[in-house]
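Structural overview
Here is what each chain is made of, one letter per residue.
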Amino acid sequence: MWKQIFKVTLIAGALDICAACIQAYISAGLMPSFILKYIASGAFGKSAFDGGLGMMLFGLLFHFIIAFACTAIFFMLYPKTEWLHASIILNSILIALVAWGVTTLLIIKMSRIPDRPIHLVPSFIVIGILIITIGLPLSVFAKKYYGK
């Protein structure tokens, strides 16, 4: 199971960080280096933005740790929770909502990232990205793995 969890983490994490970087560039002209440093700033504060490749790698590491946690928890819950077997689409939405909520309302609030208001439209865009990049791969791969 752990091999599958790591595989899905790499796929979903890569899809998500690529989508986040593309969305940030399109909506605000932000480069991927800024996104990775923003993630790193959760642990290192504003000094992360003054860092170079090392800070970007920390941001990428933190991103994949969060993706791993989402993947591992879903893979552990899936065989024990019968209603998760019903729909890949509903699971994708549920995973995205939980991932957004945990990241936005817990992780960011507990980090060193300055508190910012939550805006409805950007939140829906992020949730849509999470449905496709995190929720869908987790749902499809879990169904395939446990369907054996």
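Here, the structure is the one placed above.
Predicted model only: the values in this text are computed from it and were never measured. (Residues numbered from 1 in each chain as written. Predicted model: local features only at pLDDT ≥ 70, side-chain atom pairs only at ≥ 80, totals over all residues. Heavy atoms only, no water.)

1. Topic: the nonpolar core
Inclusion rule: Among the buried residues, those of types Ala, Val, Leu, Ile, Met, Phe, Trp, Tyr and Cys that are joined through side-chain atoms within 4.5 Å form a nonpolar core. Buried residues are those whose accessible area, probed at 1.4 Å on protein chains only, stays under 20% of the maximum for their type, while exposed residues exceed 50% and partly exposed ones sit between those limits. Helix numbering and strand numbering both begin at the N terminus, where a helix is a DSSP run of H or I of at least 4 residues and a strand a DSSP run of E of at least 2. In what follows, residue pairs with any heavy atoms lying within 4.5 Å of each other are defined as contacts.
Core analysis: the biggest nonpolar cluster contains 18 residues, and F74, F75, L130, I134 and L138 have the highest contact counts within it. Only α1 (2-28), α3 (53-77), α4 (88-110) and α5 (120-146) provide two or more residues apiece to this core. By residue number, the principal contributor to this core is α5, which donates six residues. Among residues more than four places away in sequence, those in contact with F75 are M1, Q4, I5, V8, L138, F141, A142, Y145 and Y146.

2. Digging into the environment of S123
Within the fold, S123 resides in helix α5. When its relative accessible area of 11% is taken as the criterion, S123 is described as buried. Along the primary structure S123 and W100 are separated by 23 residues, whereas in three dimensions their C-alpha atoms are 8.3 Å apart. Not counting residues within four places of it along the chain, the set of residues in contact with S123 comprises W100 and I118.

3. Here's the deal with the packing of α1 against helix α2 (residues 32-44)
Packed helices, taken two at a time, are described by the angle between their axes plus the distance between the axes. For clarity, the cut-off: Working convention: axes come from line fits to C-alpha atoms, limited for helices to the stretch in contact. Angles between N-to-C directions cover 0 to 180 degrees. It is the rotation of the near helix from the far one that decides the hand of a crossing: anticlockwise by less than a right angle makes it left-handed, clockwise makes it right-handed. Under the convention adopted here, Pro, Cys and the residues Ala, Val, Leu, Ile, Met, Phe, Trp and Tyr are nonpolar, Asp, Glu, Lys and Arg are charged, and Gly plus all remaining residues are polar.
Contact geometry of α1 with α2 gives a least axis separation of 9 Å together with a crossing angle of 115 degrees. Two packed elements cross with a definite hand, and for α1 against α2 that hand is right-handed. Here I17, C21 and A24 of α1 lie close against α2, whose contacting residues are P32, I35, L36 and I39. Counted by class, the contact of α1 with α2 contains seven nonpolar, no polar and no charged residues.

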